[in-house]
Amino acid sequence: MTYNPLSLEYAQSLDASDALADFRSAFAAPDARLIYLDGNSLGRLPLATQTRLEQAIRTEWGERLIRSWNEGWLEAPRRIAAKLAGIIGAPPEEVILADATSINLFKLAVAALRANPGRTTILTDEFNFPSDHYILQGVIDLLGGQHRLKVLRSPDGIHLPAEHVIAAIDGDTALVTFSHVAFKSAYLHELAAINAAAQAAGALTLWDLSHSAGAVPVDLQGSGADMAIGCTYKYLNGGPGAPAYLFVRQELQSRLRSPVWGWFGDAAPFEFELAYRPAEDMRRFQVGTPPVLSLLAIEPGIDLLAQAGMPAIRTKSIALTKYLIELADARLAESGFSIATPRNPARRGSHVALRHAEGYRINRALIEPLDPHEITVIPDFRAPDVIRLGIAPLYTGFVDVWQAVERLVRLTTAGEYTRFEKNRLAVT
Ligand SMILES: *Cc1c(COP(=O)(O)O)cnc(C)c1O
């Protein structure tokens, strides 16, 4: 059977032959009329997480109380990180869960700059997440203003070819740090080529995997990465504010000292010695008591990703983003939308950025339709004019994408967004 590639029937046929289709039912989705395209910002709730947290609250906290620390809680940051390691191409003993991404960046950036004295440049790009920029600026301030942040600009706002990055690395570069996938354009940096260039020049690399882990296969060890950080609440579906992770290559661990000396980073916290001695392993990057409930909530989502396998997830992600771009070209270009994401799938993460002068109000109208019979579509908006449509391969389908594009056509044709004010809400 051949279908018109712009038809609903074609989208349905793609869903029917989707090898990962069964994973959709592993996630809470109480509203069948909601098309959720924001899994790149807050992943859906795995049903198994609900059960896991009920057990943790009723039994581990409610009955076992403090005994639970010796019955799994203390080991959880390393045990669950060992599973996550399989998703990001790292040996299990090189990853730990702790704190927020921003805080992990702070700890590792300070440690890396101190481990690479005499060099003054931190290299990043304009695509990196603002919080990463703020942390790096704060680190420079903390270390006495001896370093400078060199921010690479993109030639087109979408791409930043590896040649530009490699040309900017020199003998003064202390640290090279980028988001592996850019949060706005979804540009995917060339991990191995940049790591090799940095290593040859004596610089350390630190990757933020927040927008790639769980959506794009990452090979930290194989690509020669020194350090990485990332959050667990996007494609990993760990829940709002769940603890982040950090990765440090084995040989580097003993050379890096966290600037925040807390008891969970000590070699023997329950000896209660007054002098700090950093743990020999990744525990040295912990600080204080982990948020146990949020920590335990991360595990079921990682299990689902491991079960599906990153190669199959990437294949579906590329098929969906390609389909979305094709539909947008055919159906949305005439309404003033343009694609602000790489067209080459090898350089693209798992979301598609659509640019439109009325992006903010269109995004609001998608989320809050006037007509109660209309579907609700949830993407997100990134200033000044980008609507991000996130593809989470475990639960996003081809019909979801088709519906979202058709909704955008109806909404812009009718000018439905004009009823919203241009003033923005606090969270977009
Ligand atoms: C989401 C995201 C973060 C979040 O940082 P938190 O400290 O966890 O709030 C950091 N960096 C990037 C690239 C992100 O996409």
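Above this note sits the structure.
Given the structure is predicted, the values throughout are model-derived calculations rather than measurements.

*Asks:* Sorry, what's going on with helix H10 (residues 299-308) here?
*Replies:* An α-helical turn contains 3.6 residues, so a residue and the one three or four places further along point in the same direction. When you tally the buried positions in H10, you get seven out of 10 residues, the bulk of the element. Buried residues of H10: Glu299, Pro300, Gly301, Ile302, Leu304, Leu305 and Ala308, and no others. In this structure, the buried residues of H10 make contact with helix H2 (47-61), helix H3 (76-87), helix H9 (292-296) and helix H11 (310-331). Positive backbone phi, approximately 85°, marks glycine 309, located one or two places after H10.

*Asks:* What's the story with the layout of surface pockets in this structure? I'm lost.
*Replies:* Take a probe with the size of a water molecule and roll it over the atoms, and the empty space left behind shows itself. By volume, the largest pocket is sized at about 310 Å³. Looking at the lining of the largest pocket, the elements that each hand over two or more residues are helix H4 (101-115) and helix H5 (130-142). Sorting elements by how many residues they give to the lining of the largest pocket places H4 first, with three residues. Taken together, the residues of the lining of the largest pocket sort by class into nine nonpolar, nine polar and six charged.

*Asks:* What exactly am I supposed to notice about the sheet that holds strand S10 (residues 351-355) here?
*Replies:* Consider a sheet: its strands pair through backbone hydrogen bonds, and that pairing is either parallel or antiparallel. A sheet is described by the order of its strands in space; here four strands give the open sequence S9-S10-S13-S12, paired in antiparallel fashion. Across the chains shown, the open sheet's two edge strands, defined by having one partner strand only, are strand S9 (338-339) and strand S12 (380-382). Two strands pair when backbone bridges link them, and S9 and S10 are joined in this way by two bridges, in the antiparallel orientation. When the bridges of S10 are listed, serine 338 appears paired with arginine 355. Those strands touched by H11 are S9, S10 and strand S13 (386-390), and its axis lies near 20° from that of S10. The strands touched by helix H12 (residues 359-367) within the sheet are S12 and S13, with S12 carrying the most contacts at an inclination of about 165°.

*Asks:* Whenever I open this one, empty space enclosed by the protein confuses me. Can you help?
*Replies:* Summed over all chains, the structure comprises one cavity of 30 Å³ or more. Taken together, Gly39, Gly214, Lys234, Tyr235, Asn237, Leu305, Ile313, Ala392, Pro393, Leu394 and Tyr395 make up the full set of residues lining the largest cavity. Here the residues of the lining of the largest cavity sort into seven nonpolar, three polar and one charged.

*Asks:* Please clarify how the packing of aromatic side chains should be interpreted in this entry.
*Replies:* For any pair of aromatic rings, geometry is given as the distance between the ring centres together with the angle between the planes. Within this structure, the stated rule accounts for 14 aromatic pairs. By the ring-pair criterion, three or more aromatic residues cluster together here, those being Trp69, Trp73, Trp263, Phe264, Phe270 and Phe272.

*Asks:* Just to check I follow, could you spell out H5 for this structure?
*Replies:* Over its 13 residues, H5 extends 18 Å from the first C-alpha to the last, a length consistent with the 18 Å expected when each residue adds 1.5 Å. Residues of H5 that are buried: Ser131, Asp132, His133, Ile135, Leu136, Val139 and Ile140. Where H5 is buried, its residues touch H4, strand S3 (121-125), strand S4 (148-152), strand S5 (173-179), strand S6 (204-208) and strand S7 (227-230). Positive phi appears at glycine 144, one or two residues downstream of H5, with a value of about 90°.

Definitions and limits used
- Residues numbered from 1 in each chain as written.
- Predicted model: local features only at pLDDT ≥ 70, side-chain atom pairs only at ≥ 80, totals over all residues.
- Heavy atoms only, no water.
- Buried < 20%, exposed > 50% of the residue type's maximum accessible area, 1.4 Å probe, protein only.
- Helix = DSSP H or I, 4+ residues; strand = E, 2+ residues; numbered from the N terminus.
- Contact = heavy atoms within 4.5 Å.
- 1 Å grid on protein atoms, 1.4 Å probe; cavity = no way out; pocket = protein on both sides within 12 Å on 5 of 7 lines; lining within 4 Å.
- Points joined across faces, edges and corners; volume = space filled by probe spheres on them.
- Nonpolar A, V, L, I, M, F, W, Y, C, P; charged D, E, K, R; others polar.
- Pairing = 2+ DSSP bridges.
- Axes fitted to C-alpha atoms, helices over the stretch in contact; angles between N-to-C directions.
- Phe/Tyr/Trp six-rings, centres within 6.5 Å; stacked < 30°, edge-to-face > 60°.
- Expected span 1.5 Å × (residues − 1).

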